[in-house]
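Survey of secondary and tertiary structure
Each chain, letter by letter, is given below.
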Amino acid sequence: MGLEFRSMDKKDILDVYEFFNDLKEEKAEVTFVDVNSKDEVKQMLEDKNNYLYICEDEGELIAVFRGIKGKGKENHSAFLTLAVRKKLRGKKIAQRLTEFGLKDMKNDGIKIVRAYVYNDNYASLNTLLKLRFSISGSVHMDHYDETKGHYVDDIIFHKIL
């Protein structure tokens, strides 16, 4: 694997949009599936409150990481989202891309980051714990998962940078 971690730029818009569509088809439970057009990806990129990073393997987009900077008095913080292509999960790509992005965000003045992770998303839970995130609480019974037949909690994580 020849992994490259970098900030997203305009030439990545189509690849990122197609990746988000792949996540939709997979029925992945990540907010990236709510993106419905290339224009929305472009808007994400142009929004100065978004930090967007990608990981490529020999030119193929394999992961996207986003931090949304807080506004006003909350501009010291960012809320995180990350997704990795299904075929490449379990290879520590999420961990490495997160480390890359957090370093850049810290250099830009972000002091704390937060993430919400479903309590049955063991891979993401383990990744954040390995990165020394702390558990801040939970949103009990956040939503009902019809395919699993039970309620799912959101675990709230944070990390001081």
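Up top is the structure these notes are about.
Residues take numbers from 1 onward in each chain, read along the sequence in its written order. A pLDDT threshold of at least 70 governs which residues receive local features in this predicted model, and a stricter bar of 80 or more applies before side-chain atom pairs are shown or counted, although totals over entire chains, interfaces and linings include all residues. As a rule here, side-chain values come from all non-hydrogen atoms in the structure, and water together with hydrogens is ignored.

1. Regarding the environment of F19
Heads up, the condition is: Numbered from the N terminus, helices here are DSSP runs of H or I no shorter than four residues, and strands are runs of E no shorter than two. By the convention used here, residues are in contact when the closest approach between their heavy atoms is within 4.5 Å.
Among the structural elements, F19 can be located in helix 1 (residues 13–26). When the C-alpha atoms of F19 and S37 are compared, they prove to be 12 Å apart, with 18 residues separating the residues in sequence. Leave out the neighbours within four places in its chain, and F19 touches L61, I62, A63, V64, A83, V84 and R85.

2. Points about the pattern of salt bridges
Rules: Salt bridge, as used here: a side-chain nitrogen of Lys or Arg that lies within 4 Å of a carboxyl oxygen of Asp or Glu.
Evaluation of the coordinates by the stated rule reveals 12 salt bridges. Across the pair R89 and E26 runs a salt bridge whose closest N-O atoms are separated by 2.6 Å. Taken together, the residues R89 in the loop between strand 4 (77–84) and helix 3 (93–107) and E26 in helix 1 connect sequence positions 63 residues apart.

3. A few points about the nonpolar core
Soluble globular proteins tend to pack their nonpolar side chains together in the buried interior. To be explicit about the condition: To form a nonpolar core, buried Ala, Val, Leu, Ile, Met, Phe, Trp, Tyr and Cys residues must be joined to one another through side-chain atoms within 4.5 Å. Relative accessibility decides the category of a residue: with a 1.4 Å probe and only protein chains considered, values under 20% of the type maximum give buried, values over 50% give exposed, and everything between is partly exposed.
Ranked by size, the top nonpolar core spans 26 residues in total, and within it L80, M105, V113 and F133 carry the most contacts. Of all the secondary structure elements, the ones that give two or more residues to this core are strand 2 (50–57), strand 3 (60–69), strand 4, helix 3, strand 5 (112–118), helix 4 (122–130) and strand 7 (150–160). It is helix 3 that provides the largest number of residues to this core, a total of five residues. In contact with F133, other than residues within four places in its own chain, are L80, L102, V113, L128, F157, H158 and K159. Grouped together as the second largest cluster of nonpolar side chains are 19 residues, V16, F32, V64 and A83 included.

4. Comments concerning the environment of S134
Relative to the assigned elements, S134 resides in strand 6 (residues 134–145). The residues contacting S134, other than those within four sequence positions of it, are I156, F157 and H158.

5. Let's talk about helix 4
Filter applied, for reference: An arc is given here, and it is the one of the directions from the helix axis to the C-beta atoms.
Within helix 4 the residues assigned to the buried category are L125, T127 and L128. Viewed along the axis of helix 4, the buried residues span an arc of 160°, placing them on a single side of the element. Pointing more than 90 degrees away from the buried face of helix 4 are the exposed residues Y122, A123 and K130. Buried positions along helix 4 lie against helix 3, strand 5 and strand 7. Downstream of helix 4 by one or two residues, R132 has phi in the positive range, about 65°.

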